[in-house]
Structures are given as structure tokens and as C-alpha cells.
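The primary structure of each chain is shown beneath.
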Amino acid sequence: MYGVAADRFNHVSFEPVTTPALRLVVEPAPGSTAGIYEWRVDTNTGKEVANAPEIAPTETFQLDGDALVWTITLRNTSTQELEIGDLALPLPFNTQYNADKVDTYTKRLIRHAFIGGGGSYIFWQRTNGIGQFLVMVPQRSSGLEYFDQGMAGPGGGRGVFRAYVHAAAAGPEVVGRGGKWRLPFTNLMLAPRGRPGESKTYTFRFRWAKDYDAVRDVLYQEGGFDVSVVPGMTLPTDLTARFAVRTHNRIAQVAAEFPEKTVIRDLGEKAKDTHIYEARFSKLGENMLKVKYGDHEYLSLEFFVTEPLETLYKKRAHFLVTNDQWKDPTRWYDTLYSQWDMKNQILRSPDDRDGGSLNPYMVACDDTELGKPAYIAGKNIVYPDQGEIDSVEAHIRKYVWGGLQQTDKEPYPYGVYGIPNWKELRDSPRDDRTGKKHIWRIYDYPHVILMYYNMYQVAKSYPQMVHYLDQDGYLQRAYGTAMALYTYPEQLDNWRPYSTGTYNELVIPAVIRALEESGKQDQADKLRAKWELKAKTFINQKPNLWGSEYAFDSTGFESTEALAKYSMERLRDPTATDFRAAVKQEDAEAFLEEQIRLNLSCRGQEPAYYYLGSDFRGNAGAGYTLSYMAQMGGWAVEDYGFHFAKNPIPYLRLGYASYLSSWALLNSGTPESNFGYWYPGKGNDGGASGGFEPAALGRAWLGNKQVHGAWWYDGEIDLGFSGALRSAATVVSDDPTFGLMAYGGDLKRSGRLVEVVPKDGLRTRFWIVRGAERVQITLERDGYARDRAISFDDSLKQIAFELENRGGGRHETVLHLEGLPAGSYTVSVNGKVQATLPVEAGQSRTIRAAIETGGPTPVTIERK
């Protein structure tokens, strides 16, 4: 690029300085004889200070109605052609979070930046999620193509987010150091002084927006693009994406990166300037669509295409059992699920921590290990596999009970050891909180509780497939571990677990119900008292909801939704006299709304697969996306949308996108794709990544250098996959933009009936969300038959489906019905009336259906 330029400049950036001034810094390209030039306007005196003779920049800020218009003009004052490699916009806002609630809620911001060509935008919001939001919209020929978060020009500090209009110098330099970037890099050529093209102007408009819908309106009104995508931008090959593009720009083409592997249909305009498209992909991995418009401008839409969700669930569990688990009786960590290194195709261990880059706990305990058996057990509730169940039981028997966890005969029954690993702590000479009594980390316990509870469900449904404990034994372990959670952290470390949200803790109400159903009312009451104390603490004492594992963290937003939901249910229960006396309805509602507002504020809505639905941490999307909380917190968004939102549509859209999002981190594929996009090879088929690096080159959670893409260790991602197990559903929604549609399924009309083929991965939950209507049909075991439609008429007078037997043998399966219109229903199984159900408005009912051993069993629910 430099050969055509008489002089060249590597980097131009506008930035703030500590003195009251605005400054333009021009860095020379490598090999150039030019110096570092500076131009600035002192905001006290208004005088220009400049030493850049070849370039005359002008910067203005002007009000235009309710918009602030930022204009930057670069003019060549020399007699030679001038090339600018980079034009970067450092945008320093206060994202230095801390533990102070008032300070963090009111004085700190979360940045949402979409770098996607001419359709780019950035908006900032306070961490409390309350408007106004500040929206920045690039104007024509001012789109953004790259970002980094490093040095903010000469003399600047690290950590300032920079968005690039041109990155032809910085981008290739990073790529040359091993980085990766998917958008093209451009430069700017300025003609000699006095000739056409001697200058170039860039314009950015800033507007306030009161909420997320208003952000979309600002994007549309200011010449940008308001994009909506369903069901998400991580998309299985057997599902179809629809996306709406609302813009004043004339769209010339939607171009696929792989046209021979992509089918795009233009479905026309739904409303003025709102164009609807449908896309189906067959190439696994990253797939970019470019919405082309204007003078060679584009909006990028980045999708990630996976195998069908059912395949992903099964591959992951199989991989954990065959690749991630140590099977060596000579080692103290026999049956441990450790860290699979996809880069080198090696199972790491406490004896091999990749040259020390893995901390000891990462390979032996904590969230990285504890989430894996819980996920395998959860998957086996739905798709039982004897080898996988045996693997989890061996892990519990050999590694957990009496090792990682104290037995019921030890000094601290059911206590769970923390870092660095249970072996070192049990062998420690220190009989205190740093040694033998290091059983106080609250975050460890819920994963173990979930593992036991899931195994309880496996044992309940498939008693012939468990050999270590029966259902009562696993339920007792879940209860004992739950009580230990609410006892030892406070007893040994003065850490009260009642004001901190943890992940997987939402299992506690399910354990309480199981205890009650098993006749263990005394234990249920004791555990309920602990859970209700936590709910009361969150509602009445109003702790900082950002404070979880870190001072500013998204890890609490699964349990906060569970606590809020539980509280709302208890306030409707006339028997919950103690709880109703301690908690006011308005306070519970305020907590419900606060926690979902904060959850949304750190959740990506930008139209790229590594942002849409992902949680954002302290780096506000500039690093580490698609964490386990993408799917765990996404469950909360989906759940709120179904049960509480007056307008469920935006919550269903974002919640389902969250559910799909982190499946982009599962390294799976076909023989034709060499078994994985991120780390090819059959040995990695079913491996997973713990997170995603959105920058061209950054640092992963483990500190390793990481290019744009998925990490090579799985980290804590199986916690997220457990969240996916809770979120998976086929959801029929009457969307105002996309019409009647199905998330996680294929929908069509057949005469008076709507027919939906579920493809959500589990096929155990079916929802209908239309206006105020909320219908759920959930199976405790078995599943809706593969490739068979669930049908219903518009009045919901008749609902019909077929069930497949997943456990073998003739048995009964339990169906939970919620939200059916009031009336009297008959339930027919295999053509025979099995039950008559009177249903009142808002009433939940349970039915049992006898499942045969042959083909699918037809079930019809019909209102008289």
C-alpha cells in the first residue's frame, strides 16, 4: 500500500489528554522519515498547537437538534499524495468497576460496541441499566472496521478502547504477530493540496436513548441499521435464521461468504424500511453475510454454524467421558475430569499443568472440574447412556466422596474442598481455613448439589442403570451438601452465603420439592428456611447484585432470577405465612425488575455470534465473551420473558440467542469438516472452549496469548452447558416482526392446525407464547418424537403429539401442563382416553401417560 504514497502515516488517532485539550496524533509508518506529529486545540485558550505540516485536521462538535455531531476532517496540505494507514478513535469512558454499590451503579458504564462496517455503532449505559443510554452512530463513509484496547497513542495509557475507521496499518501488523481478523482493512489516500480528494470528512452522531428499543430507533433515524435476528447467530444446520434489517439505506444485496453453502431468501418488507430475510447454512463454522449498500459500503452479520443441537449435547457428554476423564487407579486423581488441551490433543492433570500455565485448581477442582459431572448427569436425564452414568458414578465413588468432599462420617459432613485441590488440603499440616478446613468457598457447593440432584433424577427414571446409590441415596447427598453450603462458609470463614448470587444454586428449590415428594418434610423445611433467608436478604437488604465471584461480575444473574421467581410464587401461596410476613410484594417486584435489568445491561445485543446473547465482564465485550454465564444468565432472560414480562418478545429473542450462543464453542464436526472448526482433528470432536476472544489478539482467561476465536481449553464452559439443559425448549411465538414462528423448531400451517417439529436439542419442553397466552407442556422423562410434529389449533382446543421411549421398557412418563385455557380436557394415549382433567384459568396440572416399547406413542389433549 505504501508504494503509491509520497509520504505515509501509520496511525492517526484523536484522543483526550490530561490537560484540557483535544489532540490529534499522527504516527509515522515503519521506515518513514516523518516524525510524530501533533495537532491540538487547547480548550482553555482556543489556540491551535501544531507541528504536522503535511496534514491539517479539523475537529468540530455541533448541536443539531437533539444530536451532538462530531466531525473530523483530514486535509492534505502538501504537494504530494498522502496515505493514512489508520484512523482510530480512542473512546475512554469510566469502566473501572469496584465493589462500592452506589459508585458502580451510578458512575460506571458498560460499553456495547458493534464493529461491522457501515452498520457499526456504539452505545454506553450505566451499570444499573437505567436510561438514558448514549448512542454513537457513524455516518456515511465513516463506518468502523477494527478495534483494539491497547496504547492510546504516544504517551497514552493502556486499556483505552479504540475503534478504527481505517486499520490498514494496525490490523495487518497484529495479524503478522499471529492475530486474526475477519473484516477487511482499509486506508485513506489524500490527493495533493488543491486537487480533488485532498480532504476527507468523517461524521459521528451522538443521541440519547431512554431504553433498548429507543437505541434501535436512534440507529434507524440516524442512517444506521436496526438488526433483529431469530433464533440467534449461533445456528445449527437444521434450523433457519430470520433477520430483519430496518434502515433508510437502499440495500443492494445480501451476500454470503460461502454462496454455494448458503441459501438466502428475501421475504420482502414487513413494514416501512424493514426488510426480512431468511438464511440457512450448511458450512460448519464461521459464516459472514454482508448487507451491501451505498458506495461499496456494507453491514457485516457474523453467524456461527454448528451441527444439530441434539448432536452437540451427546457429543459433549461422550467426549467428557472418553477424553476428559482420567482412568488410572495408580493416580490419586483417578476418575477426575480435567482439562483437555485441544491445541496439543493432551489431557492435562495435576502432574502436567502445561508448563505451569494452568493453575493447580484448574485441573483438579473448582468450577472447571465440578461443572463436568453435573453436565453429564443432566444430559443423562434426557438421553440415558450406561457408559456415561457409570463414569459419573465412578467419579463420585473414587474422587468426590471421601476425597473432594468429606463423607457424612467426617468432622465436617458433606464439606467440599476448595483450591488448590483436595489432596493437598487433606494432607496439609495446617488445621485451619487455609488447610484441612478449606471447605468454605460457596461457589463450589452448588455444582456438587446439582450433580447429586441430577443423579437422583437419573436413578428415579432409570433405577436399573445406577449401581452406586439409589434415588434416595443421591437425594440425601444433595440435601447434605446444600445444608453444608449454608453452614461451613459462615462457620469457618465468616462468609455468609445469603447476599451473594452463585451459579447452579437455582437447583435448591428443586431439591426442596424432591424432598417433599419423597416424604422428607423435615429436611425440606430446613432447606427451605435457608433458601428463604437468602431470598429475604436479597429483597430486604438490597445487596450489590454485581458483587458475586468478583467485585463486578455477571455470575449472580441466574440465581437472582431463581430467587425472584421463587419469591413471587411464595407471595401467592397462602400457606407461606412467614415469608409473606417478612417480604412485601412491591419489594419483591422491585428486586425482580432490578436483577433482570442488570442482567440485560451486561448482555450483548450486537449482531455478531460472539456478542449476541453473551454476557459481558469487566472488559465490556472487548475480551472474553461467550462465557458459561451466556447460557446460565440467558436462562434467566428466557424465564423472565415467559413468566413475568408484559411484552415477552425482546426477552424471548435475547434469551434464546443466549441459549444458542456458547454452542459456538463446541468443537464438533463431520469427517468432511475434519471434526471441528476451531481445532480440527477427530481427537477433538466434542471438545470445547472456555471462552471467546473477540479482539484480533488478546489474552485468554488462563493468560495465554489468544487470537480472535475460541480458547483451546474448556475452562468452565460445562457450567454453561448445564444452563443450556435448563433453557432448551421449542417455543412458538407470535412475533410482531417475524410473525408466527418457532424458536428451536420448524413451524408450518396445515389447514386449521399449526404444526411444529421440535429441534431444540432435548425435545422435552414445548411452549406457546401468543399475546397474554403462556402454555408449557414439559416432560419429566422421554421426549417428543424425533421429526414428528406437535400440532395445535389456534384456540388450543386440541393439542396432539407423539412421545418416544428413551429408557426402554413399558413405563409411565409424567407431563406437566401450565397455562391451558380453562375448561374440561380429555387426555388420550394410543387412541384411548386415559384421563379427564378440569382446568381452571392459570392452573397447572400433571398427567401420566403409559409409554410403549415400540414406536412413538401418540397423545392428544382435547378440550370438550
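In case you missed it, the structure is sitting above this.
First, a word on scope: everything that follows refers to the structure included in this document. (Residues numbered from 1 in each chain as written. Predicted model: local features only at pLDDT ≥ 70, side-chain atom pairs only at ≥ 80, totals over all residues. Heavy atoms only, no water.)

Digging into the packing of helix 8 (residues 444-461) against helix 9 (residues 471-485)
Between helix 8 and helix 9, the least distance of the axes is 8 Å, while the angle of their chain directions is 165°. Between helix 8 and helix 9, the angle falls in the class roughly antiparallel. Between helix 8 and helix 9 lies a crossing whose hand is left-handed. Here Y445, P446, V448, I449, Y452, Y453, M455, Y456, A459 and K460 of helix 8 lie close against helix 9, whose contacting residues are Q471, Y474, L475, R477, A478, T481, A482, A484 and L485. Split into classes, the residues belonging to the contact of helix 8 with helix 9 amount to 15 nonpolar, two polar and two charged. (Axes fitted to C-alpha atoms, helices over the stretch in contact; angles between N-to-C directions. Helix = DSSP H or I, 4+ residues; strand = E, 2+ residues; numbered from the N terminus. Parallel < 35°, antiparallel > 145°, perpendicular 65-115°, else oblique. Left-handed = near helix turned anticlockwise from the far one by under 90°. Contact = heavy atoms within 4.5 Å. Nonpolar A, V, L, I, M, F, W, Y, C, P; charged D, E, K, R; others polar.)

Things to note about the pairing of strand 41 (residues 832-839)
Pairing between strand 40 (residues 823-829) and strand 41: seven bridges, direction antiparallel. Paired with V829 across the strands is K832, a residue of strand 41. (Pairing = 2+ DSSP bridges.)

What about the packing of helix 8 against helix 11 (residues 508-517)?
It is the contact of helix 8 with helix 11, at a shortest axis distance of 10 Å, that shows an interaxial angle of 40°. As summarised for this structure, helix 8 and helix 11 are arranged oblique, according to the angle between their axes. As helix 8 packs across helix 11, the resulting crossing turns out to be left-handed. Residue-level inspection shows I449, Y453, Y456 and K460 of helix 8 in contact with helix 11, the latter providing I508, A510, V511, A514 and E517. Tallied by class, the residues present in the contact of helix 8 with helix 11 amount to seven nonpolar, no polar and two charged.

A closer look at the nonpolar core
Grouped together as the largest cluster of nonpolar side chains are 237 residues, with contacts concentrated most on F204, F243, L527 and W663. Broken down by element, the residue count for this core peaks at eleven residues, all from helix 8. Dropping the residues within four chain positions of it, L527 is found in contact with Y479, A482, M483, Y486, I508, V511, I512 and L515. In this structure, V754, L837, I847 and V859 belong to the second largest nonpolar core, which totals 29 residues. (Core = buried A, V, L, I, M, F, W, Y, C linked by side-chain atoms within 4.5 Å. Buried < 20%, exposed > 50% of the residue type's maximum accessible area, 1.4 Å probe, protein only.)

Brief notes about the pairing of strand 38 (residues 798-804)
Counting buried positions over the seven residues of strand 38 gives five, a clear majority of the element. Here two bridges tie strand 37 (residues 790-793) to strand 38, and the two strands are oriented antiparallel to one another. Among the inter-strand pairings, S791 is bridged to a residue of strand 38, identified as A800. Here strand 37 folds back onto strand 38 in antiparallel fashion, the turn holding four residues, of which L796 has a positive phi close to 60°. Pairing geometry for strand 38 and strand 43 (residues 857-863), over six bridges, is antiparallel. Among the inter-strand pairings, E802 is bridged to a residue of strand 43, identified as P858.

Considerations on the packing of aromatic side chains
Scanning all chains against the criterion turns up 60 aromatic pairs. For the pair F538 and F591, a centre-to-centre distance of 5.7 Å together with 40° between the ring planes defines the contact as tilted. You can see F538 sitting in helix 12 (residues 521-541) and its partner F591 sitting in helix 15 (residues 585-601), a full 53 residues away along the chain. For F538, a relative accessible area of 3% corresponds to the buried category. For the pair Y656 and Y659, a centre-to-centre distance of 5.3 Å together with 80° between the ring planes defines the contact as edge-to-face. With Y656 and Y659 both in helix 17 (residues 649-661) and three residues apart, this pair spans about one turn of that helix. In this structure Y659 comes out as buried when scored by relative accessible area, which is 0%. Members of the aromatic cluster, joined through ring pairs, are F304, Y609, Y610, Y611, F616, Y677, W678 and F692. Cation over ring: K290 sits above Y298, and NZ or CZ is 4.5 Å from the ring centre. (Phe/Tyr/Trp six-rings, centres within 6.5 Å; stacked < 30°, edge-to-face > 60°. Lys NZ or Arg CZ within 6 Å of the ring centre and 35° of its normal.)

Considerations on the pattern of salt bridges
Here the idea is simple: oppositely charged side chains can pair when their charged atoms come close. With the rule as written, the count across this model stands at 65 salt bridges. Between R316 and D718 there is a salt bridge, with its nearest N and O atoms 2.7 Å apart. Taken together, the positions of R316 in helix 4 (residues 309-322) and D718 in helix 18 (residues 717-727) put the pair 402 residues apart, joining distant regions of the chain. The two residues R316 and D718 agree in class, both being buried. (Salt bridge = Lys/Arg side-chain N within 4 Å of Asp/Glu carboxyl O.)

Some remarks on helix 11
Residues spaced three or four apart along an α-helix point in a common direction, a consequence of the helix completing one turn every 3.6 residues. Most of helix 11 is tucked away: seven of the ten residues are buried. For helix 11, the set of buried residues is I508, P509, A510, V511, I512, A514 and L515. Those residues of helix 11 that are buried lie in contact with helix 8, helix 9, helix 12 and helix 13 (559-571). Looking at the residues trailing helix 11, positive phi occurs at G519, about 80°.

With respect to the sheet that holds strand 42 (residues 844-851)
Note: strands within a sheet are paired through backbone hydrogen bonds, in either parallel or antiparallel orientation. Taking strand neighbours across the sheet as the criterion, the six strands line up as 31-30-34-35-39-42 in an open arrangement whose pairing is mixed. Of all strands in the sheet, those with a lone pairing partner are strand 31 (739-743) and strand 42, marking the two edges. Neighbouring strand axes in the sheet, compared pairwise and without regard to direction, differ in orientation by 15° on average.

What to know about the sheet that holds strand 6 (residues 67-76)
Spatial ordering of the open sheet is given by 5-6-15-11-10-9, a layout of six strands whose pairing is antiparallel. Pairing within the sheet leaves two strands with one partner each, and these edge strands are strand 5 (55-64) and strand 9 (109-114). Across this sheet, the average inter-strand angle for adjacent strands is 15°, counted without regard to direction. Relative to strand 15 (residues 199-209), strand 6 runs antiparallel, the two being bridged by eight bridges. Its bridge partner lying in strand 15, W70 is registered against F204.

Things to note about the environment of R617
Here R617 shows up in the loop between helix 15 and helix 16 (628-643). Judged by its relative accessible area of 11%, R617 falls in the buried class. Distance from R617 to F552, taken between C-alpha atoms, is 7.6 Å for residues 65 residues apart in sequence. Ignoring sequence-local partners within four residues, the contact set of R617 consists of F552, D553, S554, T555, Y624, S627, Y628 and M629. A polar contact is formed between the side chain of R617 and the side chain of S554, at a distance of 3.0 Å. (Polar contact = N/O pair within 3.5 Å; in protein donor to acceptor, adjacent residues only side chain to side chain.)

Considerations on the side chain of E307
With respect to the helices, strands and loops of the structure, E307 is situated in the loop between strand 23 (297-306) and helix 4. A relative accessible area of 10% places E307 in the buried class. Among the polar contacts listed, one links the side chain of E307 to the side chain of K315, at a separation of 2.7 Å. Side-chain polar atoms of E307 contact the side chain of S668, separated by 3.0 Å. Setting aside its immediate chain neighbours within four residues, E307 contacts P236, T237, L284, L312, K315, S668, G669 and T670.

Observations concerning a nonpolar patch on the surface
On the surface, a cluster of nonpolar side chains totalling about 300 Å² of accessible area is made up of F61, L63 and L68. Its location among the elements puts F61 in strand 5. A relative accessible area of 40% places F61 in the partly exposed class. (Patch = residues over 30% accessible without salt bridge, like charges linked within 9 Å, V, L, I, M, F, W, Y side chains within 5 Å. Areas by Shrake-Rupley, 256 points an atom, 1.4 Å probe, with all protein chains shown as cover.)

Some thoughts on unusual backbone geometry
Comment: phi is negative for the bulk of residues other than glycine, and the bulk of peptide bonds are trans. A cis amide bond links G131 to the next residue, Q132, at an omega of 10°. Here Q132 lies in the loop between strand 10 (121-126) and strand 11 (133-138). Positive phi, normally seen in glycine, also occurs at D354, with a value near 55°. Positionally, D354 belongs in the loop between strand 25 (346-347) and helix 5 (366-382). Residues other than glycine seldom take positive phi values, yet N674 does so here, at roughly 60°. Take N674: it is sitting in the loop between strand 26 (666-667) and strand 27 (687-688). For N674, a relative accessible area of 38% puts it in the partly exposed group.

These figures capture arrangement, not role.
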